[in-house]
Amino acid sequence: MRLVLLGPPGAGKGTQARMLEKRLGVPQVASGDLLRTAVRGRTTLGVEAKRYMDKGALVPDDLVLKLIEERLSHPDAASGFILDGFPRTVAQAETLSAMLKARGPRHLDKVIAIMVPDDEIVKRISGRRTCKNCGAMYHLIYDPPRNHNLCNSCNGELYQRDDDAEDTVRMRLEVYAAATRPLLEYYGRTGLLSEIDGIGRPEEIQQRIVEALGPAGAVAKGKSA
Ligand code: AP5
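This text gives an overview of the structure that appears in the document. In this convention, every chain numbers its residues from 1, walking through the sequence in written order. Where local features are concerned, this predicted model is filtered to residues with pLDDT of at least 70; where side-chain atom pairs are given and counted, the filter is 80 or more; whole-chain, interface and lining totals use all residues. Where side-chain values are given, they derive from all heavy atoms of the structure, hydrogens and water being excluded.

1. Looking at the site of the ligand
With respect to spatial proximity, 34 residues lie near the ligand, and among them T15, S31, A57, R128 and R172 are the closest. Under the rule applied, a polar contact is a pair of N or O atoms within 3.5 Å (in protein, one hydrogen donor and one hydrogen acceptor; residues adjacent in sequence only if both atoms are side-chain atoms). In the environment of the ligand, a nitrogen atom lies 3.0 Å from a nitrogen or oxygen atom belonging to the backbone of G85. The separation between a nitrogen atom of the ligand and a polar main-chain atom of G200 is 2.9 Å. Surface accessibility in these figures is a Shrake-Rupley result with a 1.4 Å probe; residues are shielded only by whichever protein chains are displayed. Taken by itself the ligand offers 1000 Å² of open surface, and the protein chains cover 96% of this. Those elements giving two or more residues to the shell around the ligand turn out to be α1 (13-24), α2 (31-40), β6 (137-139) and α9 (202-213). In this description a helix means any DSSP run of H or I spanning at least four residues, a strand means any run of E spanning at least two, and both kinds are numbered starting from the N terminus. Broken down by element, the shell around the ligand gets its largest block of residues, four residues, from α2. Looking at the shell around the ligand, its residues break down into 15 nonpolar, ten polar and nine charged. Any residue with a non-hydrogen atom lying within 4 Å of a molecule or strand is treated as near it. Ten residue types, Ala, Val, Leu, Ile, Met, Phe, Trp, Tyr, Cys and Pro, are classed as nonpolar, four, Asp, Glu, Lys and Arg, as charged, and the remainder, Gly among them, as polar.

What follows is the structure in structure tokens.
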């Protein structure tokens, strides 16, 4: 299954991708996570990317594409992947399509857009906390950790992302509207797109995604049971 998850910042793409990984048996490939790893590692690419991420702007395509192409070449992505945060522009979508054709030829199976209104996004992002150690995600109100500021799974310290400050979130929403929302029309024309209501418990949203995946989702669901 080669799946793309679209949606505004904080829509729940990462939350759903992590749940789908277990269900579908293919890895989540999150451009934001790949970039944050490069930033933490202080690589040349990471230092350059940070200048854009801190402002809530898009990182230039050549940097993002380098990371994505490298990650998709890993053996665990050979039979499929869940792309989260990539593509983010029509130009990235066209490059992805060419990249897949050159590898096989292959193509995307499905694009799911998680639709969440801006006021809910601000609530979700302002309460998000992430484990420094294992990357597990929490929300101070919707999904709080058992112990204050500590991860339930590994006891790692929880932190708030630098780009989750209110002004930066506003900028990210503007960038989404201008650069990423046009992908709804782009993928709408291919017949691959399903738009999912992103309001509800994560398990309810997961169920909507599985239904949109049709037989592929149902088979995969059986696998994980
Ligand atoms: P990236 O890391 O991709 O951030 P994003 O797209 O803004 O998305 P988020 O990670 O903020 O949110 P999400 O939709 O994954 O929601 P989550 O599941 O965490 O990108 C960061 C930056 O990197 C960009 O600004 C850009 O600079 C750069 N970048 C990345 N990709 C790029 C690309 N392709 N090209 C160029 N630049 C790129 O959920 C959010 C919170 O809500 C959590 O606390 C969660 O617990 C909670 N939550 C989830 N689901 C629910 C629910 N159903 N109900 C209540 N709460 C929920």
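Now, onward.
2. Some details on the packing of helix α3 (residues 44-53) against helix α4 (residues 61-72)
Think of each axis as a best-fit line through the C-alpha atoms, taken over the contacting stretch in the case of a helix, with angles from 0 to 180 degrees between the N-to-C directions. Where α3 contacts α4, the axes come no closer than 10 Å and their chain directions differ by 130°. In terms of orientation, α3 and α4 fall into the oblique class. In terms of crossing hand, the pair formed by α3 and α4 is left-handed. Along its contact with α3, which presents L45, E48 and A49, the element α4 presents L63, K66 and L67. Taken together, the residues of the contact of α3 with α4 break down into four nonpolar, no polar and two charged. Convention used here: angles under 35 degrees read as roughly parallel, angles over 145 as roughly antiparallel, angles from 65 to 115 as roughly perpendicular, and any remaining angle as oblique. Here a crossing is taken to be left-handed if its near helix is turned anticlockwise relative to the far helix by less than a right angle, and right-handed if that turn runs clockwise. Contacts are assigned to residue pairs that have any heavy atoms within 4.5 Å of one another.

3. So, unusual backbone geometry
Put simply, F86 and P87 share a cis peptide bond, and its omega is 0°. Its identity is not glycine, yet R42 carries a phi of approximately 50°, on the positive side. Here R42 is to be found in the loop between α2 and α3. One non-glycine residue with positive phi stands out, namely N155, at about 65°.

4. Observations regarding helix α5 (residues 90-102)
What a helix is expected to span follows from its residue count: subtract one and scale by 1.5 Å. With 13 residues, α5 extends 18 Å between its outermost C-alpha atoms, agreeing within 8% with the 18 Å of an ideal straight helix rising 1.5 Å per residue. Only protein chains enter the accessibility calculation, which uses a 1.4 Å probe; a residue is then buried when its area is under 20% of its type maximum, exposed when over 50%, and partly exposed in between. Taken together, the buried positions of α5 are occupied by Q92, A93, L96, M99 and L100. For α5, the angular spread of the buried residues around the axis is 120°, confining them to a single face. In α5, the exposed residues that point more than 90 degrees away from the buried face are K101 and A102. Looking at the packing, one finds that the buried side of α5 touches β1 (2-6), α4, β3 (81-84) and α8 (182-190). What the arc measures is the spread of directions leading from the helix axis to the C-beta atoms.

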